[in-house]
Amino acid sequence: MESAAGGGGGGFRASEHQHSRYNPLRDEWVLVSAHRVKRPWQGQLEKPPPEDVPRWDPKNPLCPGATRANGEVNPNYEGTFVFPNDFPALQPDAPEPDDSGHPLFRAAAARGVCKVMCFHPHSDLTLPLMSLMEIRAVIDAWAELEAELGASYPWVQIFENKGAMMGCSNPHPHCQVWASSFLPNEARLEERTQRQHHSQHGVPMLLEYAEQEAQRKERLVVENEDWLVVVPYWATWPFQTLLLPRRHVLRLRDLCDSERDSLASIMRRLLIKYDNLFQVSFPYSMGWHGAPTGPHLQEDCGHWQLHAHYYPPLLRSATVRKFMVGYEMLAQAQRDLTPEQAAERLRALPEVHYKLRPQETVCDAAQA
């Protein structure tokens, strides 16, 4: 495991000595300072998420039968439910901005649509507590939305902000889908780096990366016949993970039935481990990245590989989070524990949710 950062000689140990790691997907470096995790914490403590969320609340605008801010009443849905965002960041009919007349003051048109998708009618459930069939329905809805909006828009961003710590204002299980008339910054960056790697090496970057991680195993968290989840070698957030297919896949819509079933399984296994880490509903921001859509559907996008990013902020406990400030904002990203240490901790966790285990087992795990 200590070979993770390469053989530098001189008694170097990745878990003891600071070093930098390169992220080829973002073309940037991250500083790894594993020794810093030993320092005492006297900073901000977060408030754990509430455990007493009501199953149904008539005042919650995401619940079945509830009235939303625009006066519309939700149907009494029993599965997933998709509706236009009542406060969209993108609208389809925005006018063109005026030309400023100077290259330092550039503006461009930004059009699109924003949708909200509820995963389940019950507010007290999250994905790790849903059934495989229910998670599969979410995956199918994601693929349908990607295909529908991607027929005309070049980028469809599916993302979930889970927990108040990640800015989620409503505990009801849901995600957002924003389709834009432009490639956002992250998409343009991954487009460039994946195209460059494919041009130089003749293989999709993340397909090659998945094969390497499957062999090395030191950063592997969970795997099955179609998917694997790793804490990436270049991870920035403490327990960040990358969800990758084993075969070459461009977009969610390209997944076959068996791959969607196995995706539901591996997502639940990962998210159960996340919740079990600190025995809390684990906050994160996650999202899918796949090949661009719209006009790009007619192009060769073989350098792309479908993948999902999970970015959780928690570091030491349910109340201590990682802050991206100071050096991270002004110089480069920095992390404390190594990706190998994070993967080992996640890998060792049980795959039965702490809420579903006998109480004495949960107490024993908390004391371990």
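Residues numbered from 1 in each chain as written. Predicted model: local features only at pLDDT ≥ 70, side-chain atom pairs only at ≥ 80, totals over all residues. Heavy atoms only, no water.

- The name an unreviewed UniProt entry gives the protein is Galactose-1-phosphate uridylyltransferase, with Phasianus colchicus as the organism.
- Listed under Catalytic activity (unreviewed entry) in UniProt, the entry text for the protein is "alpha-D-galactose 1-phosphate + UDP-alpha-D-glucose = alpha-D-glucose 1-phosphate + UDP-alpha-D-galactose".
- In UniProt, the protein has this text filed under Function (unreviewed entry): "Plays an important role in galactose metabolism." (UniProt positions renumbered as here; feature names shortened; annotations may be inferred.)

Here we look at the sheet that holds strand E7 (residues 220–223)
Consideration 1: The 9 strands are arranged E3-E4-E6-E5-E10-E11-E9-E8-E7 in an open sheet whose pairing can be described as antiparallel. The open sheet has two free edges, formed respectively by strand E3 (81–84) and E7, since each of these has just one partner strand. Averaged over all neighbouring strand pairs, the angle between strand axes comes to 20°, with direction disregarded.
Consideration 2: Pairing of E3 with strand E4 (residues 112–118), which is carried by 4 bridges, proceeds in the antiparallel orientation. The partner of phenylalanine 83 across the bridge, within E4, is valine 116.
Consideration 3: In this fold helix H3 (residues 205–216) packs onto strand E8 (227–230), strand E9 (241–245) and strand E11 (307–311), with an angle of close to 105° to the strand it touches most, E9.
Consideration 4: Strands in contact with helix H6 (residues 339–347) are E7 and E9; relative to E7, the strand with the most contacts, it is inclined by about 40°. (Pairing = 2+ DSSP bridges. Helix = DSSP H or I, 4+ residues; strand = E, 2+ residues; numbered from the N terminus. Axes fitted to C-alpha atoms, helices over the stretch in contact; angles between N-to-C directions. Contact = heavy atoms within 4.5 Å.)

Some remarks on the packing of helix H2 (residues 185–201) against H3
Consideration 1: Orientation of H2 relative to H3, taken along the N-to-C sense of each, is 75°, at an axis distance of 8 Å. On the basis of the axis angle, H2 is roughly perpendicular to H3. Between H2 and H3, the residues in contact are Thr193, Gln194 and His197 and Met205, Leu206 and Glu208, respectively.
Consideration 2: Here the residues of the contact of H2 with H3 are counted per class, giving 2 nonpolar, 3 polar and 1 charged. (Parallel < 35°, antiparallel > 145°, perpendicular 65-115°, else oblique. Nonpolar A, V, L, I, M, F, W, Y, C, P; charged D, E, K, R; others polar.)

Here we look at the nonpolar core
Consideration 1: The biggest cluster of nonpolar side chains holds 56 residues, and the ones touching the most others in it are Trp142, Leu243, Trp288 and Tyr310.
Consideration 2: Examining the composition of this core, we find that 9 residues originate from one element, helix H4 (residues 257–278), more than from any other.
Consideration 3: In terms of nonpolar packing, the next biggest core, distinct from the first, is built from 13 residues, Met205, Tyr209, Ala214 and Leu220 among them. (Core = buried A, V, L, I, M, F, W, Y, C linked by side-chain atoms within 4.5 Å. Buried < 20%, exposed > 50% of the residue type's maximum accessible area, 1.4 Å probe, protein only.)

Notes on the packing of helix H1 (residues 132–150) against H4
Consideration 1: The N-to-C vectors of H1 and H4 enclose an angle of 120°; their axes lie 9 Å apart at closest approach. Here H1 lies oblique to H4, going by the angle between them. Considering only the axes of H1 and H4, their crossing is right-handed. For the pair formed by H1 and H4, the contact residues are Leu132, Ile135, Arg136, Ile139, Asp140, Trp142 and Ala143 on the first element and Asp257, Arg260, Asp261, Leu263, Ala264, Ser265, Met267 and Arg268 on the second. (Left-handed = near helix turned anticlockwise from the far one by under 90°.)

A look at the sheet that holds strand E14 (residues 333–335)
Hydrogen bonding along the main chain pairs the strands of a sheet, whether they run parallel or antiparallel.
Consideration 1: Spatial ordering of the open sheet is given by E1-E2-E14, a layout of 3 strands whose pairing is mixed. Strand pairing shows two members of the sheet lacking a second neighbour, strand E1 (19–23) and E14, which therefore form its edges. For this sheet, the mean angle separating the axes of adjacent strands, direction not counted, is 30°.
Consideration 2: Bridge count between strand E2 (residues 28–32) and E14: 3 bridges; the pairing is parallel. Bridge pairing links valine 30 to alanine 333 in E14.

Some thoughts on the UniProt feature "binding site: Fe cation" (unreviewed entry) in the protein
Consideration 1: Using the residue numbers shown here, the UniProt feature "binding site: Fe cation" (unreviewed entry) corresponds to Glu190, His289, His307 and His309. Annotated residues spanning 120 residues; largest pairwise C-alpha distance 12.5 Å, indicating a single compact cluster.
Consideration 2: For glutamate 190, the location among the structural elements is in helix H2.
Consideration 3: Accessibility expressed as a relative area gives 2% for glutamate 190, which makes it buried.

Observations regarding the side chain of arginine 68
Consideration 1: The topology assignment puts arginine 68 in the loop between E2 and E3.
Consideration 2: Reaching out from arginine 68, the side chain makes a polar contact with the side chain of asparagine 74 at a distance of 2.7 Å.
Consideration 3: Residues in contact with arginine 68, not counting those within four places in the same chain, are Pro61, Asn74, Phe81, Phe83, Pro84 and Asp86. (Polar contact = N/O pair within 3.5 Å; in protein donor to acceptor, adjacent residues only side chain to side chain.)

Remarks on the state of the cysteines
Consideration 1: By the definition in use, this model includes 0 disulfides.
Consideration 2: Not engaged in a disulfide, the cysteine cysteine 118 finds its nearest cysteine sulfur in cysteine 63; these two sulfurs lie 8.2 Å apart. (Disulfide = S-S within 2.5 Å.)

Here's the deal with the packing of aromatic side chains
Consideration 1: Scanning the model with the defined rule gives 15 aromatic pairs in all.
Consideration 2: On the numbers, 6.2 Å between centres and 80° between planes, the contact of phenylalanine 119 with tryptophan 142 is edge-to-face. Residue phenylalanine 119 is found in the loop between E4 and H1, and its partner tryptophan 142 is found in helix H1; the two are separated by 23 residues along the sequence. There is no split in this pair, since phenylalanine 119 and tryptophan 142 are both buried.
Consideration 3: An angle of 35° between the planes, with centres 6.4 Å apart, marks the rings of tyrosine 274 and tyrosine 284 as tilted. Of this pair, tyrosine 274 sits in helix H4 while tyrosine 284 sits in strand E10 (residues 284–289); the two residues are 10 residues apart in sequence, bridging distant segments of the chain. (Phe/Tyr/Trp six-rings, centres within 6.5 Å; stacked < 30°, edge-to-face > 60°.)

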